[in-house]
Amino acid sequence: MSNTVTDPDDDKANLTFAVYTTDAFGNPDKQIMIKDEPYGVLVSGYVNSGGTAKVTVPDGNLKPGTTYAFRTSAYDGSLYETEWSGWGKFKTRGRAVDIKLPEPDMNAPVLNEDDFQEPQPIGKPNMYPVPPEVPPTGYSAPENVTRPQGYSEKDGWSCGEVNKETNIQPCSRLVPDNSKKTRDALAKEGFGATAGLPHLVDWCDTRNLDIKRYEACISGFTYEYEGIVVKDGMPTGEILNASWAVGQEVKLSGTSATFTQQLVLVPEVVKSNETV
C-alpha cells in the first residue's frame, strides 16, 4: 500500500496505514488488527515532503480474493495529522486452484531416476597433503628430518624419516593425472579380466571424473613414491621410484545417510635410476 505525504514546513514525514474489511457494498467496515504490530497498524519509513510512503502487509493478515480499504495519517516527528486521509481500496488476488489428479497406477513400474540423468563432468581435483599423526608421510617432515633437495612442499612432496633398517627415506605425493596411460592401467589391471574386480559404478568403464545423483567416478590422479637411499647421513644418488594409478568410485545409498567407496591402486611404473 502507498500514499503521498506533504508537510507544510517541508519536513520529512511518515504515514500510518490502517486496513479495513469492506461490506457487501464495498464500504469500509471493520479494522483489521495487523498481527505483531503495535496498535494493529503499519507505519512507513520517513520520506521527503511530496514523496510516496509505502508499506507491505505481512502474509497471513489478508484473505485471497477479497476487497479491502485503507487510509493513512501523517506524522512529521513532532506533530500528528488531525484527520485521516481519504479511502483507498484494493482486492487481493485469488489463490485457490482446482487441481484434479488422476488415480495412481499401482501396477506401474518403479521410475529409475538414473535413466534420466547423464553423468556430469566434475573439475580436476586439487591435491593437498594431509598431515597424519605419525610420519613417514605428512605435509611437513618432523623437525629431525631433512627434506631431500628437490622435494619441496610446494610440489606436494611429503617425506618421512630414514628407515634405519633399509637406509631409505620415503617421499610421496598425489598428482592430478587423467592421461590415457593412467586410464588404461585402471581399465586393464584394476577392473579388467586379470584382476576380476567388478566396478562399483558400472559406467566408470567409459567415463571418469564424472558424477551423477548417487554415483561418482574419480579416476584422475596418481600416487607417486620415491625412496631416497641414504648412507652415512647423505643421499647416495640411488632413488627407488614407483607410481600407482588411483581409481575411486563412490555410490550413495538412496535410503540412508551412508555411502560405499571402492579405491583401486594399480602399479604404473616401478623403476630406479640405479637399482631396484
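Each residue is numbered by its place in its chain's sequence as written, counting from 1. Since the coordinates come from a predicted model, pLDDT governs what is reported: local features require at least 70, and pairs of side-chain atoms require 80 or more to be given and counted, while whole-chain, interface and lining totals use all residues. Only hydrogens and water are set aside; all other atoms, that is, all heavy atoms of the structure, feed into the side-chain values.

Asks: Before we move on, could you go through the packing of aromatic side chains and cite the residues and values that matter?
Replies: Working definition: a ring pair exists when centres of Phe, Tyr or Trp rings (six-membered ring for Trp) sit within 6.5 Å. Plane angles under 30 degrees give stacked, over 60 give edge-to-face, the rest tilted. Enumeration over the complete set of coordinates arrives at 6 aromatic pairs. Aromatic side chains Tyr-68 and Phe-90 sit 5.8 Å apart centroid to centroid with 25° between the ring planes, which places their arrangement in the stacked category. Of this pair, Tyr-68 sits in strand β6 (residues 67–75) while Phe-90 sits in strand β7 (residues 88–91); the two residues are 22 residues apart in sequence, bridging distant segments of the chain. Three or more aromatic residues joined by ring pairs form one cluster here, namely Phe-17, Tyr-68, Phe-70 and Phe-90. Strands are runs of DSSP state E lasting at least two residues, helices are runs of H or I lasting at least four, and both sets are numbered from the N terminus onward.

Asks: Which residues make up the pairing of strand β13 (residues 234–252), and what values go with them?
Replies: By the bridge criterion, 14 bridges tie strand β12 (residues 215–231) to β13 in an arrangement that is antiparallel. Opposite Tyr-223, over in β13, you have Trp-244 as the bridge partner. The antiparallel pairing of β12 with β13 creates a hairpin that spans 2 residues between the two strands, and Asp-232 there sits at a positive phi of about 55°. Whether two strands pair comes down to DSSP finding at least two bridges between them.

Asks: Quick one: what's the story with the nonpolar core, residue by residue and with numbers?
Replies: Nonpolar side chains in soluble globular proteins generally cluster together in the buried interior. In this description, a nonpolar core means a group of buried Ala, Val, Leu, Ile, Met, Phe, Trp, Tyr and Cys residues linked to one another through side-chain atoms lying within 4.5 Å. Burial classification: accessible surface area is computed with a 1.4 Å probe over protein chains only, and a residue below 20% of its type maximum counts as buried, one above 50% as exposed, and the rest as partly exposed. Val-5, Leu-15, Phe-17, Val-19, Ile-32, Ile-34 and Leu-42 are the most contacted members of the largest nonpolar core, which totals 15 residues. Contributing elements (two or more residues each) for this core: β2 (14–22) and β6. Between two residues, a contact is recorded if the distance between any of their heavy atoms is within 4.5 Å. What Phe-17 contacts, discounting residues up to four positions off in sequence, is Met-1, Ser-2, Asn-3, Val-41, Leu-42, Ser-44, Ala-53, Val-55, Phe-70, Arg-71 and Thr-72.

Asks: Run through the pattern of salt bridges, naming residues and quoting values.
Replies: The term salt bridge refers to a pairing of a side-chain nitrogen on Lys or Arg with a carboxyl oxygen on Asp or Glu at a separation within 4 Å. What the rule picks out here adds up to 2 salt bridges. With a shortest N-O distance of 3.0 Å, Arg-173 and Glu-224 are connected by a salt bridge. Of this pair, Arg-173 sits in strand β10 (residues 168–176) while Glu-224 sits in strand β12, placing them 51 residues apart in sequence. A relative accessible area of 22% means that Arg-173 is categorised as partly exposed. Across the salt bridge formed by Glu-215 and Lys-251, the nearest N and O atoms sit 2.4 Å from each other.

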